[in-house]
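Per-entry structural report
What follows is the residue order along each chain.
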Amino acid sequence: MTQRITPVHTASELASARQAAQLAAEVLEMIAPHVVPGVSTAALDAICHDYIVNVQKAVPANLGYQGYPKTILTSVNHVVCHGIPSEDRVLRKGDIVNIDVAVIKDGWFGDTSRMYLVGTPSILAKRLVETTYEALRAGIAQVRPGATLGDIGHAIETVAKGAGFGVVREFCGHGIGQTYHDAPNVLHYGNPGEGLVLEPGMLFTIEPMLNAGKRQVKTLADGWTVVTQDHSLSAQWEHMVAVTPDGHEVLTAWPNGTGSYAPV
């Protein structure tokens, strides 16, 4: 098998990636006021599609990708990832939901996701959401020239295990740029000092998925929706991160800040 080579991007290429990344982040900011009890995930999808196409003049990257039928992915409660928006899935008070969006602008991909709280969630749900965000922050903090992918995975796993949560292993972060899913694979577990050594110009997503129970997952009959095997809650956050000469840059930074969440 031919090993994939991890791309190293120029400053001008990263500028193009940054533009696409910021558009994706804007979608997540725009949709936030609409994530309320009583709304269907299909309605959220329609709003995002209209915004990407008609306001941003961009292309919804997920729509039609490997046959995926919608613009966003909506993963509610025990859905780990790849939840398909549906008229039948209506959000209720206490739900937690991950919305994952990707756009294409001038041939470059932007990809990001974040958690939303619908009303007031349980103490466990809130702790899971916040811990998963802290795991993301811990992983991003490791990104700098000379660090390794193992450093990132170990930092994420340490936060998760410290809280008693399971780290999903079947899905990982990925390189991104003019290709949606590129090298390298960014695992959310690992050992310090192991794996690819980071260089300035590398660009990838970090997107840990933590389960309130055990880490095992299963895919439903639709071929997309991934859920926890034990029906426990799951949470995920995702940012696009570039390796810079002196550290890193989060390309999908939220337009209006992080609210109650600490900055990455």
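Quick summary incoming for the structure in this document. (Residues numbered from 1 in each chain as written. Predicted model: local features only at pLDDT ≥ 70, side-chain atom pairs only at ≥ 80, totals over all residues. Heavy atoms only, no water.)

The next thing to look at is the side chain of Thr 225. Along the chain, the position of Thr 225 falls in the loop between strand E11 (217–219) and strand E12 (226–228). There is a polar contact of 2.6 Å between the side chain of Thr 225 and the side chain of Asp 222. For Thr 225, the contacting residues outside a window of four places in its chain are Val 79, Cys 81, His 82, Gly 83, Ile 84, Lys 218, Thr 219 and Leu 220. (Helix = DSSP H or I, 4+ residues; strand = E, 2+ residues; numbered from the N terminus. Polar contact = N/O pair within 3.5 Å; in protein donor to acceptor, adjacent residues only side chain to side chain. Contact = heavy atoms within 4.5 Å.)

Turning to its location among the elements, Val 80 is positioned in strand E3 (residues 79–81). Taking the C-alpha atoms as reference points, Val 80 and Val 217, separated by 137 residues in sequence, lie 7.7 Å from one another. Once you skip the residues sitting within four places of it in the chain, Val 80 turns out to touch Ser 75, Val 168, Met 209, Asn 211, Val 217, Val 226, Val 227, Thr 228, Ser 234 and Gln 236.

Taken in spatial order, the three strands make up an open sheet running E3-E12-E11, and their pairing is antiparallel. Each edge of the open sheet is held by one strand with a lone partner, namely E3 and E11. Strand-to-strand twist in this sheet, taken as the mean axis angle between neighbours without regard to direction, amounts to 40°. The sheet contact formed by E3 and E12 spans two bridges and is antiparallel. (Pairing = 2+ DSSP bridges. Axes fitted to C-alpha atoms, helices over the stretch in contact; angles between N-to-C directions.)

Further remarks concern the pairing of strand E15 (residues 247–250). Note that strand E14 (residues 239–244) and E15 share four bridges and pair antiparallel. Each residue of the ladder has a partner; that of Thr 244, found in E15, is Gly 247. Here E14 hands over to E15 after two residues, the two strands then running antiparallel side by side.

Here the focus is the sheet that holds strand E10 (residues 209–211). Judged by pairing direction, the sheet is antiparallel, and its three strands sit side by side in the order E6-E10-E13 without closing on themselves. Edge positions in the open sheet fall to strand E6 (166–167) and strand E13 (234–236), since each of these has one partner strand only. Here E6 pairs with E10 via two bridges, running antiparallel. By the bridge assignment, Gly 166 is partnered in E10 with Asn 211.

Taking 1.5 Å of rise per residue, the 21 residues of helix H1 (residues 11–31) would be expected to cover 30 Å, and the 30 Å separating its terminal C-alpha atoms lies within 8% of that figure. As for H1, its buried residues are in contact with helix H2 (41–55), strand E4 (96–105), strand E5 (108–117), strand E9 (203–206) and E14. (Expected span 1.5 Å × (residues − 1).)

Interaxial distance between H1 and H2 falls to 10 Å at its minimum, and their mutual angle equals 135°. By the angle class used here, H1 and H2 are oblique. In terms of crossing hand, the pair formed by H1 and H2 is right-handed. Facing H1, whose interface residues are Glu 26, Val 27, Met 30 and Ile 31, H2 presents Leu 44, Ile 47, Cys 48, Tyr 51 and Ile 52. Looking at the contact of H1 with H2 residue by residue, the class counts come to eight nonpolar, no polar and one charged. (Parallel < 35°, antiparallel > 145°, perpendicular 65-115°, else oblique. Left-handed = near helix turned anticlockwise from the far one by under 90°. Nonpolar A, V, L, I, M, F, W, Y, C, P; charged D, E, K, R; others polar.)

This part takes up the environment of Val 186. Note that Val 186 resides in strand E8 (residues 182–186). Between the C-alpha atom of Val 186 and that of Thr 205, which follows or precedes it by 19 residues, the distance is 7.4 Å. In this structure Val 186 touches Leu 149, Ile 152, Cys 172, Gly 173, His 174, Phe 204, Thr 205 and Ile 206, once residues within four positions along its chain are discounted.

Attention now moves to the packing of aromatic side chains. Counted under the stated rule, the structure contains nine aromatic pairs. Ring centres of Tyr 65 and Tyr 180 lie 4.8 Å apart, and the angle between their planes is 55°; on these two criteria the pair is classed as tilted. Pair noted here: Tyr 65 is in the loop between strand E1 (59–60) and strand E2 (73–76) and Tyr 180 is in the loop between strand E7 (173–175) and E8, with a separation of 115 residues, a long-range link. Accessibility expressed as a relative area gives 6% for Tyr 180, which makes it buried. Taken together, a centroid distance of 5.8 Å and an interplanar angle of 35° make the contact between Trp 237 and Trp 254 tilted. You can see Trp 237 sitting in the loop between E13 and E14 and its partner Trp 254 sitting in the segment after E15, a full 17 residues away along the chain. Relative accessible area serves as the criterion here: at 0%, Trp 237 is assigned to the buried category. Each residue in the set Tyr 133, Trp 237, Trp 254 and Tyr 261 is aromatic and connected to the rest through ring pairs, giving one cluster. (Phe/Tyr/Trp six-rings, centres within 6.5 Å; stacked < 30°, edge-to-face > 60°. Buried < 20%, exposed > 50% of the residue type's maximum accessible area, 1.4 Å probe, protein only.)

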